Amino acid sequence: MKLLSFVIPTKNEEESILPLYSEIKKVLDKLKSQYEIIFVDDGSTDNTFAQMRKLHNKDKRVKI
């Protein structure tokens, strides 16, 4: 089985990280494929990284 990898660059996206993750996860779970979501923080000055860390702690398929 193939592993799908999504690499998502972010910068000051504190408000959109959780909704984006939810929508991506909803679609990928229907595919029944293995996947990982890789968020890359490009120097955010808000709580983007903290939001990503919460997602990673909840879902180990989320990488930061």
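A quick note: this is a predicted structure, and the numbers were derived from the prediction, not measured.

S.K.: Describe helix H2 (residues 48–58), naming the residues involved and giving the relevant values.
M.R.: Those residues of H2 not exposed but buried are Thr 48, Gln 51, Met 52 and Leu 55. End-on view of H2: buried residues confined to an arc of 100°, all on one side of the axis. Among the exposed residues of H2, those pointing more than 90 degrees away from its buried face are Lys 54 and Asn 57. Against strand E1 (3–10), helix H1 (17–31), strand E2 (34–41) and strand E3 (62–63) lie the buried residues of H2.

S.K.: Quick rundown of a nonpolar patch on the surface? Include the residues and the values.
M.R.: A cluster of nonpolar residues, Leu 4, Phe 6, Val 27 and Leu 31, forms a patch on the protein surface that exposes about 330 Å² of accessible area. Listing elements by their share of the nonpolar patch, those giving two or more residues are E1 and H1. Mapped onto the elements of the fold, Leu 31 is located in helix H1.

S.K.: Please set out the sheet that holds E3 residue by residue, giving values where relevant.
M.R.: Spatial ordering of the open sheet is given by E1-E2-E3, a layout of three strands whose pairing is parallel. In this open sheet, the two strands that pair with only one neighbour each are E1 and E3. The pairing of E1 with E2 spans eight bridges and is parallel. Within E2, the residue paired with Thr 10 across the bridge is Asp 41.

S.K.: Hey, could you go over the confidence of the model for the chain for me, with residue numbers and the actual values?
M.R.: For the chain, the average pLDDT comes to 94, and 98% of its residues sit at 70 or higher. Here H1 stands out as the element of the chain with the lowest mean pLDDT, 93, in contrast to E3, whose mean of 97 is the highest.

Calculation rules
Residues numbered from 1 in each chain as written. Predicted model: local features only at pLDDT ≥ 70, side-chain atom pairs only at ≥ 80, totals over all residues. Heavy atoms only, no water. Buried < 20%, exposed > 50% of the residue type's maximum accessible area, 1.4 Å probe, protein only. Helix = DSSP H or I, 4+ residues; strand = E, 2+ residues; numbered from the N terminus. Arc of directions from axis to C-beta. Contact = heavy atoms within 4.5 Å. Patch = residues over 30% accessible without salt bridge, like charges linked within 9 Å, V, L, I, M, F, W, Y side chains within 5 Å. Areas by Shrake-Rupley, 256 points an atom, 1.4 Å probe, with all protein chains shown as cover. Salt bridge = Lys/Arg side-chain N within 4 Å of Asp/Glu carboxyl O. Pairing = 2+ DSSP bridges. pLDDT = per-residue confidence, 0-100.

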